[in-house]
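# Structure at a glance
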Amino acid sequence: MSVEIADIDGLPEGVAEHFREQGIEELYPPQGEAVEAGISEGESVVASVPTASGKTLIAELAMLTSVARGGKALYIVPLRALASEKKAEFEEFEQYGVDVGVSTGNYDSDGDWLASKDIVVATSEKVDSLVRNGAQWVDDLTCVVADEVHLVDDSHRGPTLEVTLAKLRKLNDQLQTVALSATVGNADEIADWLDATLVDSTWRPIDLQKGVLYGQALHLDDGSKKQISRGNEKATAALVEDTLTDEGSSLVFVNSRRNAEAAAKRLADVTRDYLDPEERDRLREIAAEIRDASDTQTSDDLADAVAKGAAFHHAGLASDHRSLVEDAFRERLVKVISATPTLAAGVNTPSRRVIVRDWRRYDGDVGGMAPLDVLEVHQMFGRAGRPGLDPYGEAVLIANSHDELDELFDRYVWADPEPVRSKLAAEPALRTHILATVASGFADSEDELVSFLERTLYATQTDETGRLETVTDNVLEYLERNEFLEREADGGLRATGLGHRVSQLYVDPMSAAEIIHGLRAADDRPTALGLYHLVARTPDMYELYLRSGDREEYTELAYEREPEFLGSMPSEFDDNAFEDWLSALKTARLLEDWASELDEDDITERYGVGPGDIRGKVETAEWLLNAAERLAGELDLEFGAAIREARKRVEYGVRDELLDLAGVRNVGRKRARRLYEVGIESRADLREADKSVVLGALRGRRKTAESILENVGRKDPDLEGVEADGDATAEATTATGSDDGGQQSLGDFE
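Residues numbered from 1 in each chain as written. Predicted model: local features only at pLDDT ≥ 70, side-chain atom pairs only at ≥ 80, totals over all residues. Heavy atoms only, no water.

A few words now on the overall build of the protein chain. Across its full length, the protein chain carries 32 helices and 19 strands. What you see for the protein chain is a C-alpha radius of gyration of 27 Å, in line with the 27 Å of a compact globule of 750 residues. Considering only C-alpha atoms, the protein chain reaches an extent of 75 × 75 × 60 Å along its principal axes. Here the protein chain holds 750 residues, and 57% of them are scored as buried. Counted over contacts in the protein chain with a minimum sequence separation of 6, partners at least 24 positions apart contribute 72%. Total accessible area on the protein chain stands at roughly 31,100 Å², and carbon and sulfur atoms take up 42% of it. Positive and negative charge centroids in the protein chain, built from 83 and 150 side chains respectively, lie 4 Å apart. (Helix = DSSP H or I, 4+ residues; strand = E, 2+ residues; numbered from the N terminus. Rg over C-alpha atoms; globule rule 2.2 N^0.38 Å. Buried < 20%, exposed > 50% of the residue type's maximum accessible area, 1.4 Å probe, protein only. Contact = heavy atoms within 4.5 Å. Areas by Shrake-Rupley, 256 points an atom, 1.4 Å probe, with all protein chains shown as cover. Lys, Arg positive; Asp, Glu negative; His and termini not counted. Charge placed at Lys NZ, Arg CZ, Asp CG, Glu CD.)

Next up on the list: the confidence of the model for the protein chain. In the predicted model, the protein chain carries a mean pLDDT of 92, and the fraction of residues at 70 or more is 97%. Confidence drops under a pLDDT of 50 for residues 739–750, and excluding neighbours within four residues, the segment shows 47 contacts in the predicted structure. (pLDDT = per-residue confidence, 0-100.)

Right, let's talk about the packing of aromatic side chains for a bit. Evaluated as defined, the whole model comprises seven aromatic pairs. Taking 4.7 Å as the distance between ring centres and 45° as the angle between the ring planes, the aromatic pair formed by Tyr-28 and Trp-203 counts as tilted. In this pair, Tyr-28 is assigned in the loop between helix 1 (15–21) and helix 2 (29–36) and Trp-203 in the loop between strand 7 (197–200) and strand 8 (208–214), connecting sequence segments 175 residues apart. By relative accessible area, which is 28% here, Tyr-28 ends up partly exposed. Taken together, a centroid distance of 5.4 Å and an interplanar angle of 35° make the contact between Phe-409 and Trp-414 tilted. It is Arg-431 that lies over the ring of Tyr-478; its NZ or CZ is 5.9 Å from the centre. Between the NZ or CZ atom of Arg-669 and the centre of the ring of Trp-594, over which it lies, the distance is 4.1 Å. (Phe/Tyr/Trp six-rings, centres within 6.5 Å; stacked < 30°, edge-to-face > 60°. Lys NZ or Arg CZ within 6 Å of the ring centre and 35° of its normal.)

With that out of the way, let us pick up the pairing of strand 11 (residues 250–253). Looking down a regular strand, the side chains alternate between one sheet face and the other. Burial of strand 11 is two-sided: the residues Ser-250 and Val-252 facing one way and the residues Leu-251 and Phe-253 facing the other way are all buried. In this structure, strand 11 lies alongside strand 14 (residues 353–356), joined through four bridges in parallel fashion. Counterpart to Phe-253 in the pairing with strand 14 is Val-356. (Pairing = 2+ DSSP bridges.)

In this fold, Thr-123 is placed in strand 4 (residues 119–123). Taking the C-alpha atoms as reference points, Thr-123 and Ser-103, separated by 20 residues in sequence, lie 7.5 Å from one another.

For the rest of this paragraph, the subject is helix 24 (residues 600–607). Among all positions in helix 24, only Glu-600, Ile-603, Thr-604 and Tyr-607 are buried. Down the axis of helix 24, the buried set is contained in an arc of 95°. They therefore lie on one face. Once helix 24 finishes, Gly-608 follows within two positions and takes phi at roughly 65°, a positive value. (Arc of directions from axis to C-beta.)

Turning to the packing of helix 25 (residues 611–634) against helix 26 (residues 640–652), a few remarks are in order. Packed helices, taken two at a time, are described by the angle their axes make and the gap between the axes. Running from N to C, helix 25 and helix 26 point in directions that differ by 165°, and their axes come no closer than 9 Å. What the angle tells us is that helix 25 and helix 26 run roughly antiparallel. In this structure, helix 25 meets helix 26 at a crossing whose hand is left-handed. Side by side, helix 25 and helix 26 meet where Val-618, Ala-621, Glu-622, Leu-625, Asn-626, Ala-628, Glu-629 and Ala-632 of the first sit next to Gly-640, Ile-643, Arg-644, Ala-646, Arg-647, Val-650 and Glu-651 of the second. A per-class count over the contact of helix 25 with helix 26 returns eight nonpolar, two polar and five charged. (Axes fitted to C-alpha atoms, helices over the stretch in contact; angles between N-to-C directions. Parallel < 35°, antiparallel > 145°, perpendicular 65-115°, else oblique. Left-handed = near helix turned anticlockwise from the far one by under 90°. Nonpolar A, V, L, I, M, F, W, Y, C, P; charged D, E, K, R; others polar.)

Here it is, written out as structure tokens:
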């Protein structure tokens, strides 16, 4: 039975007409099933449907009807990039009186400003932190949507999503819960856990053909074959060129960053012959923007590929890079992206053909290459076919032998995705969530804690009797030992003042314990390196690996800088502990190099990382140092100023003499150094400085200079008629080199 948008009661006035203007008259079958299940009447629904089958509209119908009834809706996303994308989509409804807000960072705030919003978009971590920090408006929620709910299976982020949903449902037992998922093997279990009706569908708006290329024959799942002209080309290049001859785009999934970059370089030689003059001009402009975003080899390599119509995409890219690539691909300017699997679970980047070149990747747990999960490969497949643009989508694996051809059909093409399994019962996950559950008042006794945990997916899935209680007891012992919790004889639980602070700061209690232990061990004012090393050895910092040859170099450095460490260095004979210490030292030295104004390109080369990795390390260090500063205050330790300075230096990427200048909006690390070298050493100097000197230091960039003068509070920022001082330009160039691209403060990556 077909359902039309006009049949849905309860939408805000004008919204139904808005959908019709977008061409949405009749709902897709899965959307119709969700309406029949009561999605627009406050009923809970789990929609397990393929990518591009209209999951977002299901969420919009739930949220908009809930808001029209006087309620408030929350949309939970797994990634920050998705939060921005969804906010932009939902803002279309602001013209109908629906206020939309987005919140992703700053985990120790209560987000009170969101109270006035009708729809809030946030990551699960942010929602968890809002609950911990007592955001009152959370109690007013009437509808929560969990996007990509199958990610409860992810050992890193899954437990937070799982516990957050359990908390929200405990706060309001009438809460409408809508969970959106890829097709998984046990969607019925997720629906049972959330007391929701299941909409389970394999329907797609355009046909998805799946197959395996072997030799020159593309074997498809309907039994047909296509001939792919190979010539001297490798399989991937031949498939991309075949797609281009039909004016289609391709996504190529590979198993490592290096392979993604190498594939893009090769494929650019294919795509460049399929660009018209207008596309070449636009791509040159985008390539220039990419170079401006970061002065690294990675940035140059990406710009070179994009200028020819190809790109790579992986977690080592700066966020600016990723956005530029994704937008150019959606505009059909970039014809192919080679990507690591992270793109499959991320933003909306559909293409005509998806090519899964690598179906194995390195797995540290098995010490070698291991096959990808079926669910992950199906997520990649789901990117094939753009509704309204492509007549069909095609997902292709590549086989190197006849046996592999059969294996790939059995393993991925015909196979059902694995069931989703909770990862909550691991101690690292429970450490954080048990402390937060007690500190935020969800449980004040061991019985209540176990009762709350029984509301989780883990409890509904496990057949290991007593495992949850055993792990919970181990975690409670750890939290008590570190003075975060007190356990009463009658089973009562109470978070200490320190425990409350740790929970609000949103750090792993083990990270907090490491920081506290290190700060208490300090005799004198800690150095920046000592503090960077302290936060680098916490479980919340993803350490850099030691490469071959690194152990000797960092062992020598460890003894040289030993007096700066906060805490005792382990013995060289304690292999694992010593290696972890050195990995943290390598991470700390990267942060020290950044805060000492070393060029970003030199850092990427020295440590074998991408600009996005630097961004990630810096952001994590800034967050953990903020926590360290707050914990020092809680414990009356005298190191707040030293920690604050180390945090600011890593935030701006500067030595201490530039901290005042670098904090001015639009200045950043390189411009601050140029201004300093011509005698402008502080904000006060900048407000009073000769305009020609300021303009000279900033390379004659008039608009930039005017905005900086305005931001620092200069009364007359206008530079009309002012000429740049040549001596200042020369001195500034000597200080930082000739390239003005990329100021490299954190704001440049946003």
